[in-house]
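# A structural walkthrough
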Amino acid sequence: MQKSCVITGASSGLGRELALQYAAAGWRVLAIARSEERLLQLSQQSALIQPLVLDLTDGAAMEKSAGIIAAVLPSVDLLILNAGSCEYVDAGNLDLAAFDRTFAVNFFAVVAAVKFWLPLLKNSAAANSGQAQLAIVSSLAWLFPFTRAEAYGASKAALSYFTDSLRLDLTGQGVQVSLIEPGFVDTPLTRKNDFAMPFLLPVADAAARVRKAIADGQLRCRFPLRLSLSLQLLNLLPYGLRQKVAAGLKQ
């Protein structure tokens, strides 16, 4: 039986590459994003990719979207919540609107997607006498304090905690939950950064790692390994020394 997946943030970057790779592997893909033009361009790359224009921050639209998805896909075997944004802020004059925008996409949109789309996964698992999969894309950024990343890092910290807690509460309900925490991936979003990005990965490589983690049923996938281990080791430092190291990286 042909498998189906739903991918958010599919018009560019990691989401777009995931859509292309899953379609190339024979999956039926529902690609979700706000940009109709870029989604149409993506759908022209494969007959297995179907676009759905949707603003994940629009509560009313999200509530209606479950019915739309159900009408398009007979079942949802995999849901990848990948959409995200990044805005840097000035601690001397915090932009509250930037926090609102960042959390709206990176956190609250994911919560809404889980609320309205989780029944689709449960229905698929029950119908196929198996297990559906939910993958939530967070970031390694929350593991260590970086300059001007108060909004972005905080949103990803909230997202990672949400995912771990959600997995606990979904135990035994037929939905496997994977937390994906990548480092720097070469996408249109990261190309806006004006600082060095260690261990930057090509998007095709990153997408392949995500697909393998999901296929293997990993609870959490952090990559690249060198960056993940570096950040985790930094977090083991005494708190005062950790702060000095973070301040040194700022310079």
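Since the structure is predicted, the reported quantities are computational estimates derived from the model, not experimental observations. (Residues numbered from 1 in each chain as written. Predicted model: local features only at pLDDT ≥ 70, side-chain atom pairs only at ≥ 80, totals over all residues. Heavy atoms only, no water.)

## Considerations on the overall build of the protein
Each helix and strand in the protein was counted, giving eight helices and seven strands. Taken over C-alpha atoms, the radius of gyration comes to 18 Å for the protein, in line with the 18 Å a tight globule of 251 residues would show. Dimensions of the protein, computed from C-alpha atoms along their principal axes, come out at roughly 55 × 40 × 30 Å. A separation of at least 24 residues holds for 66% of the contacts in the protein among residues at least 6 apart in sequence. Carbon and sulfur atoms make up 56% of the accessible area of the protein, which amounts to about 12500 Å² in all. Put simply, the protein has 23 plus and 19 minus side-chain charges, and the middle of one group is 6 Å from the middle of the other. (Helix = DSSP H or I, 4+ residues; strand = E, 2+ residues; numbered from the N terminus. Rg over C-alpha atoms; globule rule 2.2 N^0.38 Å. Contact = heavy atoms within 4.5 Å. Areas by Shrake-Rupley, 256 points an atom, 1.4 Å probe, with all protein chains shown as cover. Lys, Arg positive; Asp, Glu negative; His and termini not counted. Charge placed at Lys NZ, Arg CZ, Asp CG, Glu CD.)

## Focus on the pattern of salt bridges
It is possible for side chains bearing opposite charge to pair when their charged atoms get close. Across all of its chains, the model carries six salt bridges by this definition. A salt bridge links Arg 101 to Glu 87, with the nearest nitrogen and oxygen atoms 2.7 Å apart. One end of the pair, Arg 101, is in helix α4 (residues 96–127); the other, Glu 87, is in the loop between β4 (78–81) and α4, and 14 residues separate them in sequence. Residue Glu 87 is classed as partly exposed on the basis of its relative accessible area of 22%. (Salt bridge = Lys/Arg side-chain N within 4 Å of Asp/Glu carboxyl O. Buried < 20%, exposed > 50% of the residue type's maximum accessible area, 1.4 Å probe, protein only.)

## A look at the pairing of strand β5 (residues 132–137)
Counting buried residues in β5 gives six out of six residues, a clear majority hidden from the surface. Pairing geometry for β4 and β5, over four bridges, is parallel. Bridging across to β5, Ile 80 finds its partner in Ala 135. In terms of handedness, the path from β4 via α4 over to β5 forms a crossover that is right-handed. As paired elements, β5 and strand β6 (residues 175–182) share six bridges and run parallel to each other. Bridged to Leu 134 within β6 is Val 177. Remark: the β5/helix α5 (residues 150–169)/β6 crossover connection has right-handed handedness. (Pairing = 2+ DSSP bridges. Right-handed = clockwise from strand over helix to strand, strands pointing away.)

## With respect to the environment of Gln 173
Positionally, Gln 173 belongs in the loop between α5 and β6. Overall, the relative accessible area of 35% leaves Gln 173 in the partly exposed class. A C-alpha to C-alpha distance of 8.5 Å links Gln 173 and Gln 131, two positions 42 residues apart in sequence. Among the polar contacts made by the side chain of Gln 173, one reaches the main-chain carbonyl oxygen of Asp 169 at a distance of 2.9 Å. (Polar contact = N/O pair within 3.5 Å; in protein donor to acceptor, adjacent residues only side chain to side chain.)

## Quick look at the packing of aromatic side chains
For the coordinates displayed, the defined rule picks out four aromatic pairs. On the numbers, 5.2 Å between centres and 70 degrees between planes, the contact of Phe 107 with Phe 108 is edge-to-face. Classification of Phe 108 by relative accessible area gives exposed; the value is 52%. The interplanar angle of 85 degrees and the centroid separation of 5.9 Å between the aromatic rings of Phe 107 and Phe 162 together place this pair among those described as edge-to-face. One end of the pair, Phe 107, is in helix α4; the other, Phe 162, is in helix α5, and 55 residues separate them in sequence. (Phe/Tyr/Trp six-rings, centres within 6.5 Å; stacked < 30°, edge-to-face > 60°.)

## A look at unusual backbone geometry
Along the chain, Phe 223 connects to Pro 224 via a cis peptide bond; the corresponding omega equals -5 degrees. Tracing the chain through its elements places Pro 224 in the loop between β7 (220–223) and α7 (225–234). We note that Arg 148 has phi near 65 degrees; this positive angle belongs to a residue other than glycine. Here Arg 148 lies in the loop between β5 and α5. Here Phe 199, not a glycine, exhibits a phi torsion of approximately 60 degrees, which is positive. Structurally, Phe 199 is set in the loop between β6 and α6 (203–215).

## Here's the deal with a nonpolar patch on the surface
On the surface, Leu 225, Leu 229, Leu 233 and Leu 236 cluster together into a nonpolar patch covering about 450 Å² of accessible area. If you trace the backbone, Leu 229 turns up in helix α7. Here Leu 229 falls in the partly exposed class, since its relative accessible area comes to 43%. (Patch = residues over 30% accessible without salt bridge, like charges linked within 9 Å, V, L, I, M, F, W, Y side chains within 5 Å.)

## Re the pairing of strand β1 (residues 4–8)
Counting buried residues along β1, five of its five residues qualify, which places the element largely inside the surrounding structure. The side-chain alternation of β1 yields two buried faces, one formed by Ser 4, Val 6 and Thr 8 and the other by Cys 5 and Ile 7. Considered for its hand, the β-α-β crossover made up of β1, helix α1 (residues 13–24) and strand β2 (residues 28–33) is right-handed. Both β1 and β4 contribute to a ladder of three bridges, which runs parallel.

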